[in-house]
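Each chain is listed here by its residues.
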Amino acid sequence: MSKQINVALIGNPNTGKTSVFNQLTGLKQKVGNYPGITVEKKEGVCKLPRGVKAHILDLPGTYSLNTTSLDESVAVELLLNKNDKDHPDVAVVISDVENLKRNLLLFTQIKDLRIPAILVINMADRMTRTGISLDIPLLEEKLDTKIALVSTRKGTGIDRLKELISEYKTLSRNPNVDTTVIEPSYFERLKETFPNQDLYKLWLVITQDVNFMPIEKMLIKDSSSFTTKSKSELKRLQQKETILRYQFINGILKETYKIDIAAAKGFRASLDKILTHKIFGYLIFFVILLSIFQAIYDWSGYPQAIIETFFASASEWVKNTLPPGVFTNLIAEGVLSGIGGIVVFVPQIAFLFLFISLLEETGYMSRVVFLMDKLMRPFGLSGKSVVPLISGTACAIPAVMATRTIENWKERLITILVTPFTTCSARLPVYLIIIALVIPKGRFLGLNYQGLTLMLLYLIGFGAAILAAMVLNRILKIKSRSFFVVEMPNYKLPLFKNVVFTVWEKTKSFVVGAGKIILAIAIILWFLGSNGISDNFKNAEEIVEKRIASEGLSDFNRSNIESGLVAYNEALRDSVQNEVYRIDAAAIADSLQQRKEALFETAKNQEISSFKLENSYMGYMGKAIEPIVKPLGYDWKIGIAVLTSFAAREVFVGTLATIYSVGSDEENTDTITQRMAAEVDPTTKKPIFNLASGISLLLFYAFAMQCMSTLAVVKRETNSWKWPTAQLVFMSTFAYLVALIAYQVLK
Amino acid sequence: MEITVAQLKRGQKGIIKEFADDILPIKLLELGCLPGNQVELVQVAPLKDPIYINVNGSHIAIRRSMAALIQLEIIEEDTVR
């Protein structure tokens with residue numbers, strides 16, 4: 001294998017770093033995590049001139065090498081650690097032409113680490129509009145580097161960048177700024193203690209806030225001849241360093257960077273005036289949210305119907321093609337229906353991610369943060385909490401990770417803890433099926449009840465999040481300095497390619513993540529439901545046949561057969577009257593008889609399988625938990641479904657589908673719904689799914705913490721089991737109590 | 001005239017004066033909030049807080065409490081639009 005050039009892309013947030021990455025790598029990229037942490041790792045391969053290949057790593061955005069978060073420390077650690085397999089041969093620093101001054105701060109720091117660095121000045125297409133002119137050759141000379149002037153929007157300058165990367169060996173490794181002048185005596189002592197180390201690198205290791213390179217840090221602390229400085233002294237030095245760097249940068253830009261102030265303003269200012277206006281600002285935000293939710297429902301219907309049909313026919317195909325048997329049943333009933341159950345929601349999830357990434361790409365999300373900050377503060381939240389709460393409507397997992405931008409630990413922790421209350425897309429299937437079952441179809445003031453109920457559930461979710469935040473704000477005794485800095489990036493038209501990549505990546509990881517859990521649960525459920533040890537299970541057929549012989553079929557099946565026969569009879573009569581068939585009365589009677597027998601056979605098989613289920617392992621487990629769920633109005637089957645959905649909520653519908661053993665040739669929601677509607681409590685003879693138990697279920701799902709993946713992410717982000725455990729216990733107890741009260745009152 | 005960033009009116013500008021070492025987070029300094037740099041108040045949030053400033057070419061939003069820590073020397077008086 002020929003050696004690849006290791007390239008690290010690094011830059012401030014909002015400089016178009018990801019766009020450059022997409023331009024360099026195209027579709028040859030993969031997104032994973034850094035080992036042990038949830039920081040996203042994006043890497044890809046890029047073909048350079050003369051057959052050379054480069055491995056491109058997109059580092060998390062950072063304003064400087066003075067890290068304050070996990071994401072940033074990943075970037076710094078990689079730059080410092082020469083032994084890391086991804087340690088860059090060359091760093092590509094992305095800057096944007098309008099914020100060049102600030103972007104250069106990071107650039108000079110990287111140069112001082114003696115890593116060959118190329119400067120990319122992005123958004124070159126905006127130069128004329130914003131009245132900026134640059135003297136590139138002089139800038140290259142002053143910064144001692146090579147510059148690529150790039151426009152990711154127009155796709156220009158990328159070839160020059162590739163050329164520069166392939167010639168990285170010719171780049172200078174000399175530093176830009178001599179940091180030691182901020183306190184010569186201190187750096188002198190450092191040098192004496194560690195004669196073989198690079199001074200600036202040592203300085204960075206010493207000043208990092210996060211748990212960072214513990215071994216090297218220890219080494220420095222242990223060194224007896226060297227006394228570390230106090231925190232505030234270090235901070236003062238960092239401040240001096242920053243000032244020093246800006247002096248250097250200002251000096252250079254004075255000669256190379258010209259801006260015509262009058263041209264720079266205008267569009268941005270007028271848009272800001274409207275979007276952050278005290279009335280229109282909120283109004284526009286509300287309208288945007290409303291149209292997003294509307295669009296998600298309106299646009300997803302069509303692709304969802306296609307997906308449903310596809311999975312139904314796939315299941316059919318498996319049954320008809322594979323030899324009948326246990327394995328075929330597992331695939332067709334367990335796996336395919338389980339996976340189908342989640343894939344159906346892909347359109348909605350993709351649309352949600354699409355809109356969220358549009359809000360971020362355009363720069364609007366920062367304005368929302370700005371608008372909402374004061375409103376959120378009484379609840380112990382920050383304006384930045386709005387972003388997780390909105391993206392929580394897609395999925396709590398990325399939402400919890402999005403809290404990283406919140407600087408204040410208390411605000412961040414509260415946001416993490418309450419985000420799972422927002423109605424995520426996994427609750428949707430549960431809501432939809434239960435609403436269809438128990439909420440009447442009528443209209444109220446032109447709005448239909450079912451739609452209103454759904455909206456109400458979303459509001460309940462947000463309400464619960466806000467209330468919980470308020471309570472937590474009171475309870476949690478965490479002192480952390482209030483600290484809120486948000487960059488307000490310039491407005492941009494979103495880049496199509498970036499949006500598509502984001503939606504594709506996020507949707508894929510959602511499906512794969514949820515798919516794994518559902519697959520596992522489907523297999524376990526299927527096993528537990530189709531095996532048993534009791535005599536009842538083994539002799540199910542005889543017992544049920546005997547019962548049918550003495551008592552007849554169940555009421556549901558009897559009326560079902562009757563109505564089926566009536567319909568068949570009418571169809572037959574119509575055909576005869578219209579002279580489609582020419583058959584006599586005896587033949588009609590005969591055909592009716594045959595039909596009756598077929599229906600009877602189906603009904604009998606159904607009763608056998610439901611008797612078997614009742615006596616299977618799963619049946620026993622269900623019966624065991626029934627006393628707990630009974631007060632909420634659920635029978636043991638719903639109990640099992642609720643229990644399995646603690647792994648992931650969306651499992652609920654799949655579990656019920658499996659449990660109710662709906663005729664295998666009609667695997668669609670309608671028949672599940674019909675079957676659920678027909679479920680009758682054996683003692684009271686009333687439907688199991690009535691208004692009281694339905695509302696109780698809806699509320700239970702609104703509040704309960706039923707998602708293992710979210711718990712795992714919370715554990716990682718808070719670095720302790722304490723918070724996810726508290727979340728699980730509190731939310732689920734609360735859900736149980738609310739559902740209990742709702743059922744007992746409505747009963 | 002001496003005021004803090006929190007007292008600026010919309011469109012008003014000032015130059016940041018020297019400030020004590022410890023009061024501002026380093027992140028704010030990196031964004032350009034340094035002595036000698038110019039600050040302009042761009043926009044105030046509907047509920048008066050946070051505020052949106054342009055400092056040294058960086059557009060950032062900060063809370064009033066932090067803005068009150070940054071002392072200024074006013075340079076233009078007549079720019080309230």
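Here the structure is a predicted model, which is why all the values come from computation and not from measurement. (Residues numbered from 1 in each chain as written. Chains lettered and ligands numbered in written order. Predicted model: local features only at pLDDT ≥ 70, side-chain atom pairs only at ≥ 80, totals over all residues.)

Caption draft 1: Highlighting the overall build of chain B. Each helix and strand counted, chain B has two helices and six strands in total. Mapped from its N terminus to its C terminus, chain B presents α and β elements in the order β-β-α-β-β-β-α-β. The 81 residues of chain B split such that 42% are buried. Partitioning the intrachain contacts of chain B with sequence separation of at least 6 by distance along the chain shows that 59% fall at a separation of at least 24. (Helix = DSSP H or I, 4+ residues; strand = E, 2+ residues; numbered from the N terminus. Buried ≥ 20, exposed ≤ 12 C-beta atoms within 10 Å, placed from the backbone. Contact = placed C-beta atoms within 7 Å.)

Caption draft 2: Spatial organisation of helix H26 (residues 617–629) of chain A. The end-to-end C-alpha separation of H26(A) is 18 Å, in line with the 18 Å expected for 13 residues at 1.5 Å each. The largest bend in H26(A) comes to about 30°, at Lys623(A), with the proline Pro627(A) one to four residues further on. (Expected span 1.5 Å × (residues − 1). Bend = angle between axes of the 7 residues up to and from the residue.)

Caption draft 3: Summary view of the UniProt feature "binding site: Mg(2+) 2" (unreviewed entry) in chain A. Residues and elements named next belong to chain A. The feature "binding site: Mg(2+) 2" (unreviewed entry), as annotated in UniProt, sits at Thr25 and Gly26 in this numbering. Inspection of the secondary structure assignment puts Thr25 in helix H1 (residues 17–25). Contact partners of Thr25, with chain neighbours within four places excluded, come to Gly44, Val45, Cys46 and Ile56. Looking at the element boundaries, Gly26 is found in the loop between H1 and strand E2 (29–33). Under the C-beta neighbour-count criterion, Gly26 is labelled partly exposed, with 13 such atoms within 10 Å. (UniProt positions renumbered as here; feature names shortened; annotations may be inferred.)

Caption draft 4: Region of the structure containing the domain arrangement of chain A. Residue and element names in this part refer to chain A. Entries for chain A in the domain assignment read domain 1 (5–170), domain 2 (280–426 + 439–476 + 486–496) and domain 3 (545–611). Computed from C-alpha atoms alone, the centre-to-centre distance between domain 1 and domain 2 is 33 Å. Each partner contributes residues to the interface: domain 1 has 10 residues there, and domain 2 has six residues. (Domains from an automatic or database assignment.)

Caption draft 5: Representation of the environment of Ile62(B) within the structure. Assignment of secondary structure puts Ile62(B) in strand E5 (residues 58–62). Sequence spacing of Ile62(B) and Lys48(B) is 14 residues, and the spatial spacing of their C-alpha atoms is 12 Å. Apart from the residues within four sequence positions on either side, Ile62(B) is in contact with Phe484(A), Val485(A), Pro50(B), Ile51(B), Ile53(B) and Ala67(B).

Caption draft 6: Focus on the interface of chain A and chain B. Counting residues at the interface gives 33 residues for chain A and 28 residues for chain B. Mapped by element, the contributors of at least two residues to the side of chain A that touches chain B are helix H3 (100–112), helix H9 (231–256), helix H12 (280–321), helix H15 (364–376) and strand E12 (485–487) of chain A. Per-element tally for the side of chain A that touches chain B: the top contributor is H9(A), with eight residues. Of the residues contributing to the side of chain A that touches chain B, the split by class is 13 nonpolar, 11 polar and nine charged. Judged from the three bridges that link them, E12(A) and E5(B) form a sheet pairing that is antiparallel. What sits directly across from Glu487(A), in E5(B), is Ile60(B). (Nonpolar A, V, L, I, M, F, W, Y, C, P; charged D, E, K, R; others polar. Pairing = 2+ DSSP bridges.)

Caption draft 7: Structural view of the nonpolar core. Residue and element names in this part refer to chain A. Residues Leu9, Val93 and Val120 are the most contacted members of the largest nonpolar core, which totals 183 residues. Among the elements that take part in this core, helix H14 (residues 346–362) stands out by supplying nine residues, more than any other. In this structure, Val120 is in contact with Val20, Val92, Val93, Ile94, Ser95, Ala148, Val150 and Leu161, ignoring residues within four places of it in sequence. (Core = buried A, V, L, I, M, F, W, Y, C linked by C-beta atoms within 7 Å.)

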